[in-house]
Amino acid sequence: MTSASRTHDLILFGASGFVGALTAKHLAEHAPEGARIALAGRSRAKVESVRATLPALAHDWPIVEADASDPEAMRELAESTKVIVTTVGPYARYGLPVVAACAAAGTHYADLTGEVLFVRESADSYHEVAKASGAKITHACGFDSIPSDLGVWLTAEQ
């Protein structure tokens, strides 16, 4: 799919959770003007309640109802955007369907997992698919990765 055929530039999946709501607030305060952002989650009502707390810029952001256990919903989600940022965890339980859909659709993906086994399974299962489609799959883009990163750094220091 081409970027021009995508409805959104970025979808925040898991917008109604604790970290998702914080991420939505940050996006609403810092997203570039004209960015086509959508909020997604399992419960439209919960995502709507988060959207209502955001700055006015975000009040018109579309809401997409989607469940990670529904492969068709994940396909549609991935095909509608250039990038999915997901805060839906635990990733070992809910993350692979999102990665699979993004890899197949050529949609860039970012999460904040610190779940090493999930990252390994994601790479083993979807690296070649993502490579072929042009999708960039990026794990550990947030706080959860810091303890692991510090552990590596301290080990290297020793």
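Heads up: these notes are all about the structure in this document. Every chain's residues receive numbers from 1 upward, in the order its sequence appears when written. For this predicted model, a pLDDT threshold of at least 70 governs which residues receive local features, and a threshold of 80 or more governs which side-chain atom pairs are given and counted, while totals over whole chains, interfaces and linings are taken from all residues. Hydrogens are left out, water is left out, and the side-chain values use all remaining heavy atoms of the structure.

## What about the nonpolar core?
Residues belong to one nonpolar core when they are buried, are Ala, Val, Leu, Ile, Met, Phe, Trp, Tyr or Cys, and are joined through side-chain atoms within 4.5 Å. Each residue is assigned to one of three classes by its accessible area relative to the maximum for its type, calculated with a 1.4 Å probe on protein chains only: buried under 20%, partly exposed between the two thresholds, exposed over 50%. Counting residues in hydrophobic clusters, the biggest one holds 21 residues, and the most contacted among them are F13, M74, L77, I84, V98 and Y109. Secondary structure elements with two or more residues in this core: β1 (8-13), β2 (37-41), α3 (71-79) and α4 (91-105). No other element matches α4, which puts seven residues into this core. Contacts are assigned to residue pairs that have any heavy atoms within 4.5 Å of one another. Setting aside anything within four residues of it in sequence, one finds L77 in contact with I11, F13, A40, V64, A66 and I84. Helix and strand labels come from DSSP, where a helix needs a run of H or I of at least four residues and a strand needs a run of E of at least two; each type is numbered from the N terminus.

## Remarks on helix α2 (residues 44-53)
Given 3.6 residues to a turn, an α-helix orients residues that are three or four positions apart in the same direction. Every buried residue of α2 is accounted for by V47, V50 and R51. Angular distribution of buried residues about the axis of α2 spans 100°; they occupy a single face of the element. Turned more than 90 degrees off the buried face of α2, the exposed positions are A45, K46, A52 and T53. If you follow the buried residues of α2, they end up packed against α1 (18-30), β2 and β3 (63-65). As used here, the arc is the angular range of directions from the helix axis to the C-beta atoms.

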